[in-house]
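This is what each chain is made of:
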Amino acid sequence: MDSVSLEPSLYTVKALFILDNDGNRLLSKYYDKDLYPSMKEQKNFETNIFNKTHKADNEIAFLEGMTIIYKSSIDLFFYVVGSAQENELMLMSVLNCLFDSLTQILRKNVERRCLLDNMDGVFLVVDEIIDGGVILESDPQQVLQKVNYRADENPLSEQSVAQHISEKLALTSNVLQSAKEQIKWSILK
């Protein structure tokens, strides 16, 4: 065995990508420039992984000398790739952090359409978890705090829109009443 490959390294993650249920790439980041340097090689690798894992119930696969941790949700497949000697638990913590953070950002609607609609947030989450292959964070709450996401920032529902409109109407009514009073007093002077 080559002793160089067994040395510990901070560069734990070789690649991270998300595919849809047809195996099409939605997001990918390759952190090791020597690993599949061309787009064609990356796509072939992703296709091979997808073909091996899309019908399996496992969480781990070994392919082309790489350790692959994966998870599926509705119509998405999430993959974290490390070297053959990499600790699977470290890779799993990255995958779980990514999935849990996206679950919060996508309001528990982790599916293709919502992911594509919120791609800017997805890239922010990925960049907070991994930088250049180095794991920066594995706690989803810390990731969400760093990207300034708050779970209580819900989109406006019908009820909140109606409440907002009624508050504006009440404020407008108060302004009109105040203007009437001022005009009345200015005339009476």
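For the structure itself, consult the block above.
All of these numbers come straight from a predicted model, not from anything done at the bench.

Novice: Mind showing me how you'd approach the packing of aromatic side chains here?
Specialist: Here the structure, examined in full by the defined rule, presents 8 aromatic pairs. Ring centres of Y36 and F45 lie 4.4 Å apart, and the angle between their planes is 25 degrees; this geometry places the pair in the stacked category. For F45, a relative accessible area of 1% gives the class buried. Three or more aromatic residues link up through ring pairs in this structure, and these residues are F17, Y30, Y36, F45, F50, Y70, F77 and Y79.

Novice: It is not clear to me how the packing of helix α2 (residues 88–105) against helix α4 (residues 119–129) should be interpreted in this structure. Could you clarify?
Specialist: Two packed helices can be described by the angle between their axes and the distance between those axes. Orientation of α2 relative to α4, taken along the N-to-C sense of each, is 150 degrees, at an axis distance of 10 Å. Taken together, the axis directions place α2 and α4 in an arrangement best described as roughly antiparallel. In this structure, α2 meets α4 at a crossing whose hand is right-handed. Contacts from V94, C97, L98, S101, L102 and I105 in α2 reach G121, V122, V125, V126 and I129 in α4. Per-class residue counts for the contact of α2 with α4 are 9 nonpolar, 2 polar and no charged.

Cut-offs applied
- Residues numbered from 1 in each chain as written.
- Predicted model: local features only at pLDDT ≥ 70, side-chain atom pairs only at ≥ 80, totals over all residues.
- Heavy atoms only, no water.
- Phe/Tyr/Trp six-rings, centres within 6.5 Å; stacked < 30°, edge-to-face > 60°.
- Buried < 20%, exposed > 50% of the residue type's maximum accessible area, 1.4 Å probe, protein only.
- Axes fitted to C-alpha atoms, helices over the stretch in contact; angles between N-to-C directions.
- Helix = DSSP H or I, 4+ residues; strand = E, 2+ residues; numbered from the N terminus.
- Parallel < 35°, antiparallel > 145°, perpendicular 65-115°, else oblique.
- Left-handed = near helix turned anticlockwise from the far one by under 90°.
- Contact = heavy atoms within 4.5 Å.
- Nonpolar A, V, L, I, M, F, W, Y, C, P; charged D, E, K, R; others polar.

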